[in-house]
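# What the coordinates show
These are the residues of each chain, in order.
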Amino acid sequence: MSWSRSPVSSRETFVLGPFIVPRIWVGLWQLSSNAWGSAPAARIRQGMARHAELGYNAFADHYGSAEILFGQFRESLPPSKPVLGATKWCVFRATIPTRAVVESAVRERMKRMRSPSIDLLQFHWQDYSDKGYLQALQVLQDLQHEGLISAVGLCNFDAIRTDEICTQLGPGFIVSNQVQFSLIDTRPLHGMADVCERHNVKLLTYGTLCGGFLVDKWLDQPEPDLYAGNLTPSQRKYLDVILKAWGTWALFQTLLTVLRDVGDCHGGVSIANVATRWVLEHPFVGAVIIGARLGVSEHPDDNQHAFEFTLTEEDQNAIEAVLAQSNGRRMISTIGDCGAEYR
């Protein structure tokens, strides 16, 4: 891509392979189901355009029609307005990753995204006992050398396998790992951070706002019913984590109160801004991927405020005082390392 080494319009950027990209990305996983709400394709593409105009020109995930809609959107843009598309190849079943199998998967995504190459291909392999993931990544490395892929990342790999992959395939090949990381789920601090530093890998984090629970809307609210019809799939997932793995709703309210106080000390920025800022201030984090229900519910203007302040030592101590009362630091043992909840 001709824009690969050109800066984008954003308050904070970082280097990801050949690209310079913003530190907040737009997550497209809500396109996987109408359970998040639905909008016409034209309105979704308009939502993408709004984000890109504000500098959020990196879009992630392959679910549902996401690749197709992104490809249509990018095709409509002039060359002077480049956007990055990150997609995935997820292997859930026993697979022999021959050259033909791997190349077919890559070309399918190229076709859906209407692109001569993939900007960032994120790779997920379900069964660690099958070392075929190393063979698959070797083929992906070959395809990168041939120009079909610009950058390769991982998705929901744990620290041990990320270290193994980066060691065997050499420096600079794996540029990222997409994993869950938030004030609630701090597992990347235990091992993954060191691996990222050792191999110059950046995390692309999701779940940073816990499906929309780390926002002002939930401050001073009663504990919701996990099975209430008005919760999105993401909210049901993260509410389960908050109540069963992290702590209690009362402690969560204490955390929201502290985040609100911190936000007030920085000009009234939102709880979501503070939660995002906390993640971004970890040096091994490249970007936060914030899910947007494009055409239904999106907050690109508010998200920009996450770049307008930094957390003070007093802020960090106040937040840590709450986290220390939770089970968050033990989730690495009770749930397992990054991605274990999907295996």
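Now for a description of the structure that goes with this document. (Residues numbered from 1 in each chain as written. Predicted model: local features only at pLDDT ≥ 70, side-chain atom pairs only at ≥ 80, totals over all residues. Heavy atoms only, no water.)

### What to know about the sheet that holds strand β9 (residues 202–206)
- What the 8 strands build is a closed barrel, ordered β3-β4-β5-β6-β7-β8-β9-β10; its pairing is parallel. Each adjacent strand pair in this sheet contributes to an overall mean axis angle of 30 degrees, direction not counted.
- Alignment of β9 against strand β10 (residues 285–291), held across 3 bridges, turns out to be parallel. Note on β10: the bridge partner recorded for Leu-203 is Val-285. (Pairing = 2+ DSSP bridges. Helix = DSSP H or I, 4+ residues; strand = E, 2+ residues; numbered from the N terminus. Axes fitted to C-alpha atoms, helices over the stretch in contact; angles between N-to-C directions.)

### A few points about the packing of aromatic side chains
- Taken as a whole, this structure holds 15 aromatic pairs when the rule is applied.
- Seen from their ring centres, Phe-59 and Phe-73 are 5.8 Å apart, and the 65 degrees between their planes marks the pair as edge-to-face. Separated by 14 residues along the polypeptide, Phe-59 in strand β4 (residues 58–60) and Phe-73 in helix α2 (residues 66–75) bring together distant segments of the chain.
- Between the aromatic rings of Tyr-128 and Phe-157, the centroid separation amounts to 5.9 Å while the plane-to-plane angle is 45 degrees, which identifies the pairing as tilted. (Phe/Tyr/Trp six-rings, centres within 6.5 Å; stacked < 30°, edge-to-face > 60°.)

### Considerations on the pairing of strand β2 (residues 19–22)
- Here strand β1 (residues 13–16) pairs with β2 via 4 bridges, running antiparallel. Its bridge partner lying in β2, Leu-16 is registered against Phe-19.
- The turn linking β1 back onto β2 is made up of 2 residues, and Gly-17 within it adopts a positive phi angle of 60 degrees.

### Here's the deal with the pairing of strand β7 (residues 149–155)
- The element β7 is largely enclosed, with a buried count of 7 among its 7 residues.
- Pairing of strand β6 (residues 118–125) with β7 involves 5 bridges; the strand directions are parallel. Its bridge partner being in β7, Ile-118 is matched across the sheet by Ile-149.
- A crossover connection joins β6 to the parallel β7 through helix α4 (residues 132–145); in handedness this β-α-β unit is right-handed.
- After leaving β7, the chain enters helix α5 (residues 159–169) and then returns to the sheet as strand β8 (residues 174–180), a path that is right-handed. (Buried < 20%, exposed > 50% of the residue type's maximum accessible area, 1.4 Å probe, protein only. Right-handed = clockwise from strand over helix to strand, strands pointing away.)

### Structural notes on the nonpolar core
- In this structure, Phe-123, Leu-137, Leu-140, Phe-213, Leu-214, Phe-252 and Leu-255 are the most contacted members of the largest nonpolar core, which totals 99 residues.
- Per-element accounting of this core gives the leading share, 8 residues, to helix α8 (residues 249–265).
- Setting aside residues no more than four positions away along its own chain, Leu-214 makes contact with Leu-183, Ile-184, Thr-208, Leu-209, Phe-252, Leu-255, Leu-256, Leu-259, Ile-271, Ala-272 and Ala-275. (Core = buried A, V, L, I, M, F, W, Y, C linked by side-chain atoms within 4.5 Å. Contact = heavy atoms within 4.5 Å.)

### Remarks on the environment of Leu-77
- Tracing the backbone shows Leu-77 in the loop between α2 and β5 (84–91).
- In this structure, the C-alpha to C-alpha distance between Leu-77 and Asn-303, residues 226 residues apart in sequence, is 23 Å.

### Considerations on α8
- Here α8 contains 17 residues, and its C-alpha end-to-end distance of 24 Å stays within 8% of the 24 Å for a straight helix at 1.5 Å per residue.
- Buried within α8 are the following residues: Trp-249, Leu-251, Phe-252, Gln-253, Leu-255, Leu-256, Val-258, Leu-259, Arg-260, Val-262 and Gly-263.
- Buried residues in α8 make contact with α7 (233–246), α9 (271–280) and α11 (313–323). (Expected span 1.5 Å × (residues − 1).)

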